[in-house]
Every structure is written in C-alpha cells, then in structure tokens.
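# Topology and contacts: notes
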Amino acid sequence: MSTHGYYIKHLAVDLRLAVAEHIADATLAAGRQAALLPLTVVVLDAGGHVVVQKREDGSGILRAEIARGKAHGALGMGIGSRVIRDRLKERPAFQAAIAAASDGRFIPVPGGVLICREDGAVIGAVGVSGDASDKDEYAAIAGIRAAGLVPHPETPVEGWRDAGL
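This report concerns the structure included in the present document. Every value quoted in this text rests on a predicted model; they were computed, and no experiment measured them. (Residues numbered from 1 in each chain as written. Predicted model: local features only at pLDDT ≥ 70, side-chain atom pairs only at ≥ 80, totals over all residues. Heavy atoms only, no water.)

### What about the pairing of strand β1 (residues 40-45)?
The condition is simple: For every residue, the accessible area (1.4 Å probe, protein chains only) is compared with the maximum for its type, and the residue is labelled buried under 20%, exposed over 50%, or partly exposed between those bounds. A run of H or I in DSSP becomes a helix once it reaches four residues, and a run of E becomes a strand once it reaches two; helices and strands are each numbered from the N terminus. Two strands form a pair only when DSSP identifies at least two bridges running between them.
Extensive coverage of β1 is indicated by the burial of five of its six residues. Summarising the sheet, β1 and strand β2 (residues 50-55) pair through five bridges and their orientation is antiparallel. Counterpart to Val-43 in the pairing with β2 is Val-52. The loop that links β1 with its antiparallel partner β2 comprises four residues; one of these, Gly-48, has a positive phi angle of about 85°. Two strands pair when backbone bridges link them, and β1 and strand β4 (residues 122-129) are joined in this way by six bridges, in the antiparallel orientation. Following the sheet pairing, Val-41 is matched in β4 by Val-128.

### Looking at the sheet that holds β2
Counted only if it meets this: Every axis corresponds to a line fitted to the C-alpha atoms, with the helix fit spanning only the stretch in contact, and the corresponding angles, defined between N-to-C directions, vary from 0 to 180 degrees. It only takes one pair of heavy atoms within 4.5 Å for two residues to be counted as in contact.
In spatial order, the strands read β2-β1-β4-β3-β5; together these five strands make up an open sheet with antiparallel pairing. Edge positions in the sheet fall to β2 and β5 (150-152), since each has one partner strand and no second. Geometrically, the sheet is characterised by an average inter-axis angle of 20° between neighbouring strands, direction not taken into account. Both strand β3 (residues 112-116) and β5 contribute to a ladder of three bridges, which runs antiparallel. Bridge assignment links Ile-115 to a residue of β5, and that residue is Pro-151. Packed onto the sheet, helix α1 (residues 17-33) meets β1, β2, β3 and β4 and runs at close to 25° relative to β2. Sitting on the sheet, helix α5 (residues 133-146) is in contact with β3, β4 and β5, with an inclination near 15° to β3.

### Describing the nonpolar core
Formally: We define a nonpolar core as any set of buried Ala, Val, Leu, Ile, Met, Phe, Trp, Tyr and Cys residues linked to one another through side-chain atoms lying within 4.5 Å.
With 23 residues, the main nonpolar core has Leu-15, Ile-23, Val-41, Val-43, Ile-115, Val-126 and Ile-144 as its most contacted residues. Breaking this core down by element, the ones donating at least two residues are α1, β1, β3, β4 and α5. By size, the runner-up hydrophobic cluster in this structure holds nine residues, among which are Val-42, Ala-74, Leu-75 and Ala-125.

### Side note on the pattern of salt bridges
Applied cut-off: Between Lys or Arg on one side and Asp or Glu on the other, a salt bridge is scored when a side-chain nitrogen of the former is within 4 Å of a carboxyl oxygen of the latter.
Tallied over the full model, the rule gives six salt bridges. Here Arg-32 ties to Glu-56 by a salt bridge, and the two come within 2.7 Å at their closest N and O atoms. Linking Arg-32 in helix α1 with Glu-56 in the loop between β2 and α2 (63-77), this pair joins segments that are 24 residues apart in sequence. In this structure Arg-32 comes out as partly exposed when scored by relative accessible area, which is 39%. Of the residues examined, Glu-56 reaches a relative accessible area of 14% and is grouped as buried.

### Describing the environment of Ile-107
With respect to the element layout, Ile-107 can be found in the loop between α4 (92-101) and β3. A residue is classified by how much of its surface remains accessible, and Ile-107, at 24% relative accessible area, is partly exposed. In sequence terms Ile-107 and Ile-141 are 34 residues apart; their C-alpha atoms lie 17 Å from each other. Setting aside residues up to four positions removed in sequence, Ile-107 forms contacts with Glu-65, Ile-66, Gly-69, Lys-70 and Ser-81.

### Quick notes on the packing of aromatic side chains
Given two aromatic rings, one states the distance between the centres and the angle between the planes to describe the pair. Put simply, the rule reads: Classification of ring pairs uses Phe, Tyr and Trp, with its six-membered ring standing for Trp, and accepts pairs whose centres are within 6.5 Å; under 30 degrees between planes counts as stacked, over 60 as edge-to-face, and the remaining range as tilted. Counted as over-ring charges are cases with an Arg CZ or a Lys NZ within 6 Å of the ring centre that also lie within 35 degrees of the ring normal.
The tally for this structure, following the rule as stated, stands at one aromatic pair. With 3.8 Å between their ring centres and 5° between their planes, Tyr-138 and Trp-160 make a pair best called stacked. On the criterion of sequence distance, the pair formed by Tyr-138 in helix α5 and Trp-160 in the segment after β5 is long-range, its members being 22 residues apart. Comparing Tyr-138 with Trp-160, the two get one shared label, buried. Over the ring of Phe-94 we find Arg-91, and its NZ or CZ is 4.7 Å from the ring centre.

Structure representation (structure tokens):
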C-alpha cells in the first residue's frame, strides 16, 4: 500500500503537553514547599480531557477522581471551584442537579482552578486534591503561575495556610 499523499490532520492544541507537565510539576513542588499532605494533580484541556495526572506517594486512591471533578466543575461552569462553592452554598438542589448532569464529575470545593491565557481565554483547568481544599487551591494557583499563565481565581483565599481537614 502506498502512503503517497496520505496524511493525517493534527488537532489544534492550546494547552501543550510540556506546559501541562510544567503546571503539574510546579503544583506538586508548591505543595512540598508548603509542607502539604501528599497531593494528586490533574490537568485538563479546554475540552475536559486529561492531559497530565500525577499522584504523589501516599496520596489516597480516590484523589485523582476528586481532583478531576474539581477541574471539570471549574471548566463546566467557567469559574474556579471556590467561586462555585461560594455562589452555590445556598442552592444545594442546583448543586445536586449539576452533579447529576455531569455524571458525578462536579466537586464544588476549592482546588479546581482555570488556566487562562493573558487575554483571559480559558485553555484548561487544574484540579488538586490531598490536603484541605484551600491548600489544594493554593498549590494549583502556584503551579499555573509558574508556567507563566493566569489562574482563575488569581489568588488563594486569605488564610489558606490555616485551613484544616
């Protein structure tokens, strides 16, 4: 069979593998530097597909699903998961409806952070699980910033270091 003239069209990629790996590694490094419990980090592209997933030694076996749910919820709603929690805390029925609509891939607690370009366009999301949710979010924000991108939310919640499980 001749392959002359045969080609495959490649998909456009806004969040390259090398950048996603950089975000994941920087997220875990931020966790180590802040003496957080073992973390799991999931980096999704804008379509919600896993680009990178890393689980530190000692991080629980459900942490990947939790991290992915935080990132997936942020992508699905177009805002960081802390903002989702804050906006929907008085609307448990709506939270349950979103969880059902997303086949359970919606975890509305801090730790899901959007990855944005300088122009504000969302190119993916990071989800982190392993410590208190505010600490997870801190690590995700630090990882995105380390890659030269803009997180949403842009800064961790005040007092994140004092958050407890």
